[in-house]
Amino acid sequence: MTLQRWGVLGAGAWGTALAVAALRAGREARLWAHRPEIAALIAALHENPDYLPGITLDSRIGASADLASMRDCDALLLAVPAQHLREVSERLVPIWPQGRPVVICAKGIEQSSGLTMTALLARTLPGVPVAVLSGPTFAGEVAADLPTAATVAATDAALGQAIVEALAAPRFRLYWSGDVTGVELGGAIKNVLAIACGIVIGRRLGDNARAALIARGLAEMMRFAVPRGAKPETLMGLSGLGDLVLTCSGRQSRNLSLGIALGEGKSLADYQAGRRSVAEGIWTASVLRAQAEAAGIDMPIATAVDDILNRGAAIETAIGALLSRPFRAEG
Ligand SMILES: NC(=O)c1ccc[n+]([C@@H]2O[C@H](COP(=O)([O-])OP(=O)(O)OC[C@H]3O[C@@H](n4cnc5c(N)ncnc54)[C@H](O)[C@@H]3O)[C@@H](O)[C@H]2O)c1
Ligand SMILES: O=P(O)(O)OC[C@H](O)CO
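This structure is a prediction, so every number in the text was calculated from the model and none was measured.

S.K.: Any chance you could break down the nonpolar core for me, citing the residues and the numbers?
M.R.: With 110 residues, the main nonpolar core has Leu78 and Val103 as its most contacted residues. The greatest single-element share of this core, amounting to 14 residues, is contributed by helix α7 (residues 180–202). Among the domains, domain 1 (5–178) and domain 2 (181–323) are the pair contributing at least three residues each to this core. Discounting residues that sit within four places of it in the chain, Leu78 has contacts with Leu9, Gly10, Leu85, Val102, Val103, Ile104, Cys105 and Ala106.

S.K.: Explain the site of ligand 2 to me, and be specific about the residues and the numbers.
M.R.: Taken together, 13 residues sit near ligand 2, with Thr137, Asp243, Ser253, Arg254 and Asn255 positioned nearest. Within the residue set of the shell around ligand 2, elements represented by two or more residues are α7, α10 (238–247) and α11 (254–263). Considering every element that reaches the shell around ligand 2, the biggest residue donor is α10, with three residues. Of the residues in the shell around ligand 2, the class split is four nonpolar, five polar and four charged.

S.K.: Quick rundown of the pairing of strand β1 (residues 5–9)? Include the residues and the values.
M.R.: Among the five residues in β1, four count as buried, and that is most of the element. Here five bridges tie β1 to strand β2 (residues 28–32), and the two strands are oriented parallel to one another. Each residue of the ladder has a partner; that of Arg5, found in β2, is Glu28. In terms of handedness, the path from β1 via helix α1 (residues 13–24) over to β2 forms a crossover that is right-handed. Both β1 and strand β4 (residues 75–78) contribute to a ladder of four bridges, which runs parallel. What sits directly across from Leu9, in β4, is Leu78.

S.K.: Just give me the short version of the UniProt feature "active site" (unreviewed entry) in the chain, but keep the residues and values in it.
M.R.: Here the UniProt feature "active site" (unreviewed entry) sits at Lys190. By the secondary structure assignment, Lys190 is in helix α7. Accessibility expressed as a C-beta count within 10 Å gives 33 for Lys190, which makes it buried. Sequence-distant contacts of Lys190, that is, excluding residues within four places in its chain, are made with Asp243, Leu244 and Thr247.

S.K.: Before we move on, can you summarise the environment of Gly178 with the specific residues and values?
M.R.: Here Gly178 lies in the loop between β8 (172–177) and α7. Separated by 53 residues in the primary sequence, Gly178 and Lys231 have C-alpha atoms spaced 9.9 Å apart. When sequence neighbours within four positions are dropped, the list of residues in contact with Gly178 reads Ala153, Thr155 and Ala157.

Reading guide: rules and limits
- Residues numbered from 1 in each chain as written.
- Chains lettered and ligands numbered in written order.
- Predicted model: local features only at pLDDT ≥ 70, side-chain atom pairs only at ≥ 80, totals over all residues.
- Core = buried A, V, L, I, M, F, W, Y, C linked by C-beta atoms within 7 Å.
- Buried ≥ 20, exposed ≤ 12 C-beta atoms within 10 Å, placed from the backbone.
- Helix = DSSP H or I, 4+ residues; strand = E, 2+ residues; numbered from the N terminus.
- Domains from an automatic or database assignment.
- Contact = placed C-beta atoms within 7 Å.
- Near = placed C-beta within 6 Å.
- Nonpolar A, V, L, I, M, F, W, Y, C, P; charged D, E, K, R; others polar.
- Pairing = 2+ DSSP bridges.
- Right-handed = clockwise from strand over helix to strand, strands pointing away.
- UniProt positions renumbered as here; feature names shortened; annotations may be inferred.

Below is the structure:
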């Protein structure tokens, strides 16, 4: 399988960085931007000033707001936010042939349907081979060629390996996996937990509390994902624990930053006002909580985040509820 010509859907920070990585790996890359003015800016400035400022883009990275420009690509990287993937993938139907692969790079669960990104694409693009790329990957660092590792998951092992061969480079180390469920759920859940970690930082509750949240958050991730078929070793790997640690500690994280702002007393609306970048945990929190409750899975940290974001809970009340839970066995 030769995957030379890559289309990247979504000219936000991640799509732009992935186009840079694909070019660096010796592939061709062209970007599709939801906002036509972004495509025009990239063509004129060789930079994406709104989403990835300060990174000079190779002039071979083309950009367009016309989805049909993706028609002759060998494969697609889908880097639009999770809540927009349905609309964009539906628009792909007339131009994307069944046999050519797409790689999901968004991290989230669709709020309106509760579907994971792979389940969503199975409905909107049936017959299209799907893989997931996820892991601890701040876009700015990937674009700047700082060493990064991530996982490519596909049920078809040959597809996963072909994607790794096409996109990997010495400083963009990709591993393949057959555990699609584990890789995509880890990436979605860590965003919600990162908001909780941000709140801890914003409230100045200390590093002990943040470490406890990471460890107990990982326990929640396991309780939710393993019954759905995820492998524990995947959740302990790059796309689970690796991304959880990054997003719960790296100040570049939008989810962490949102949590910090909430912890410092800002409202969600104030934080979001005028901001174009996406903090996926906002939308995943409510659907994750609903699915956990429906399955009888205890996820107190994710529930507290949803209470704060969507149910008007005061942060002190949510923290008090977490701290007054009964003592019990750790495992
Ligand atoms: N930024 C990162 O470091 C990073 C790393 C790994 C994964 N991701 C994931 O990649 C996905 C995209 O995030 P990002 O950081 O590139 O985005 P971003 O925050 O940089 O930008 C938001 C993007 O959403 C697009 N958008 C807004 N409305 C849209 C619509 N109706 N239809 C299609 N697109 C629309 C914007 O044009 C823009 O491209 C998210 O799921 C995120 O979790 C991001
Ligand atoms: O900025 P965040 O919080 O969306 O995190 C970006 C990536 O998912 C980190 O791996």
